[in-house]
Amino acid sequence: MVSLAQPAFRQPAPQDAALREAALSEAFARTASLYERVRRVVPPADWAFFAEDAEAILRLKRERNAVILAHNYQTPEIFHCVADIVGDSLALAREAMRVDADVIVLAGVYFMAETAKLLNPGKTVLIPDQGAGCSLADSITAEDVRLMRQAYPGLPVIAYVNTSAAVKAEVDVCCTSGNAARIVKSFGVPKVIMLPDQYLAKNVAAETGVEIISWAGQCEVHERFTAQDVRELRIANPGVTVLVHPECPPEVVAEADFAGSTAAMSDYVGQKRPPRVVLLTECSMSDNVAVNYPDIDFVRPCNLCPHMKKITLSNIRKALEGNLHEVTIAADVADRARASVERMLAL
């Protein structure tokens, strides 16, 4: 009688497991200097599995003349161990223009990779995971912008950088959370359109006194923080300094000690050195800042960005090995979108 049963799954032989463990141990030893940078926030057991990819990425960067740009929301093993340039959206946009490399890997979300490509049209730009999107960028289309122009003719239109290249191509200028107020005031008019983050628009309107017509978009990370969260944090952590991102609702900003971009929050910690601080933004930001300030107590309420967390050492390595997920933008869109970003950088 012939048996149709499937063969049993083969368990790894003990010697295979031993060889694998030895390889991990050797990789850990070779990357000890890298691990020293993040040992306060990355457990040794985790680094044992990160070490091989980190080592390979450093080799691949040399071989391909590649650089890695990493946003402040990337995890510490990326941010502190393999990235060449780190920062907020504005910093990455500026530095993307200055890199001397053939390949740029954007460890962030897709609109950031598009911006890097806009500013480096002759370079290869890779995104390790094409699914690394953004709730703000997904909330608005180029057609929506055209309809807004029709509804409010003659008003300047400002797009937050958290938008697609197609949307950037339809506006007058871009902005980041760090320079939004400056961009709004630069027009010298009483009313502007700013898309797509409604909370950033409200916070900038309160700061500048300019009336802002906004879109009904919001960041899925920052919209979850509430004013009650801030009050409870203060009760549970007496004396804590509360820093918030301006993508948070206005009532959250009103309860905070300081509101600013991720770069501004990091600078605040470095300059003011509060004994205890909480950053109301994406989780990894606190880990990355805490690495530089071991004497400061970081309270860590955690709202993860599911898109940022799609970027890993493993898929950065694969992108470099296989030239995967190259970012391309149609020429007619790229020319107009680039002009909007360059106007922002000039301002």
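For the structure given in this document, a descriptive report is provided here. Model, not experiment: these values are computed from the prediction. (Residues numbered from 1 in each chain as written. Predicted model: local features only at pLDDT ≥ 70, side-chain atom pairs only at ≥ 80, totals over all residues. Heavy atoms only, no water.)

**What about the overall build of the protein?**
Looking only at helices and strands, the protein has 17 helices and 12 strands in total. Counting only residues that meet the buried cut, the protein has 53% of its 347 residues in that class. Put simply, 61% of the contacts in the protein that link residues at least 6 apart link residues at least 24 apart. For the protein, the computed accessible surface area is about 15,600 Å², with 52% contributed by carbon and sulfur atoms. With 35 positive and 43 negative side-chain charges, the protein shows a spacing of 3 Å between the two charge centroids. (Helix = DSSP H or I, 4+ residues; strand = E, 2+ residues; numbered from the N terminus. Buried < 20%, exposed > 50% of the residue type's maximum accessible area, 1.4 Å probe, protein only. Contact = heavy atoms within 4.5 Å. Areas by Shrake-Rupley, 256 points an atom, 1.4 Å probe, with all protein chains shown as cover. Lys, Arg positive; Asp, Glu negative; His and termini not counted. Charge placed at Lys NZ, Arg CZ, Asp CG, Glu CD.)

**Quick word on the sheet that holds strand 4 (residues 124-126)**
The 4 strands lie next to each other as 2-1-3-4, forming an open sheet whose pairing is parallel. Every interior strand has two partners, whereas the edge strands, strand 2 (85-87) and strand 4, have only one. Along the sheet, successive strands turn relative to each other by an average axial angle of 20°, direction set aside. With 3 bridges joining them, strand 3 (residues 103-107) and strand 4 adopt parallel strand pairing. Within strand 4, the position partnered with Val105 by the bridge is Leu126. Against the sheet, helix 3 (residues 44-64) engages strand 1 (66-71), strand 3 and strand 4, with an angle of about 130° to strand 1. (Pairing = 2+ DSSP bridges. Axes fitted to C-alpha atoms, helices over the stretch in contact; angles between N-to-C directions.)

**Examining the pattern of salt bridges**
Taken as a whole and judged by the stated rule, the model has 19 salt bridges. The residue Arg149 makes a salt bridge to Asp172 at a minimum N-O spacing of 3.3 Å. Of the two residues, Arg149 sits in helix 8 (residues 142-151) while Asp172 sits in the loop between helix 9 (165-168) and strand 6 (173-175), which places them 23 residues apart along the sequence. Residue classification places Arg149 among the partly exposed residues on the basis of a relative accessible area of 29%. A salt bridge links Lys309 to Glu282; the shortest N-O distance between them is 2.8 Å. Here Lys309 is found in the loop between strand 12 (297-299) and helix 16 (313-322), whereas its partner Glu282 is found in the loop between strand 11 (276-280) and helix 15 (283-292), with 27 residues between them in sequence. For Glu282, a relative accessible area of 1% gives the class buried. (Salt bridge = Lys/Arg side-chain N within 4 Å of Asp/Glu carboxyl O.)

**Examining the side chain of Thr124**
Residue placement: Thr124 occurs in strand 4. On the accessibility criterion, Thr124 (19% relative accessible area) is buried. For Thr124, the contacting residues outside a window of four places in its chain are Asp102, Val103, Ile104, Asn323 and Glu326.

**Comments concerning the state of the cysteines**
Chemically, a disulfide is nothing more than a covalent bond linking the sulfur atoms of two cysteines. Within the structure shown, the criterion is met by 0 disulfides. A disulfide-free cysteine, Cys81 has its sulfur positioned 19 Å from the sulfur of Cys283, the nearest such atom. Of all cysteine sulfurs in the structure, the one in Cys134 sits closest to Cys219, which takes part in no disulfide; the separation is 6.6 Å. For Cys219, a relative accessible area of 11% gives the class buried. (Disulfide = S-S within 2.5 Å.)

**Considering the packing of helix 6 (residues 110-119) against helix 17 (residues 331-346)**
Orientation of helix 6 relative to helix 17, taken along the N-to-C sense of each, is 90°, at an axis distance of 9 Å. Taken together, the axes of helix 6 and helix 17 are roughly perpendicular relative to one another. Across the interface between the two elements, Thr115, Leu118 and Leu119 of helix 6 pack against Ala334, Ala337, Arg338, Val341, Glu342 and Leu345 of helix 17. Split into classes, the residues belonging to the contact of helix 6 with helix 17 amount to 6 nonpolar, 1 polar and 2 charged. (Parallel < 35°, antiparallel > 145°, perpendicular 65-115°, else oblique. Nonpolar A, V, L, I, M, F, W, Y, C, P; charged D, E, K, R; others polar.)

**Topic: the pairing of strand 8 (residues 211-214)**
Bridge analysis of strand 7 (residues 191-195) against strand 8 gives 4 bridges, and the strand direction is parallel. Bridging from a neighbouring strand, Ile193 pairs with Ile213 of strand 8. Note that the unit made of strand 7, helix 11 (residues 198-208) and strand 8 has a crossover that is right-handed. (Right-handed = clockwise from strand over helix to strand, strands pointing away.)

**Some remarks on the pairing of strand 9 (residues 241-244)**
Side-chain alternation along strand 9 places Thr241 and Leu243 on one buried face and Val242 and Val244 on a second face that is also buried. Pairing of strand 9 with strand 11, which is carried by 4 bridges, proceeds in the parallel orientation. Residue Val242 lies in a different strand from strand 11, and its bridge partner there is Val278. Two elements, strand 9 and strand 10 (residues 258-259), share 2 bridges in a ladder whose sense is parallel. Counterpart to Val244 in the pairing with strand 10 is Ala259.

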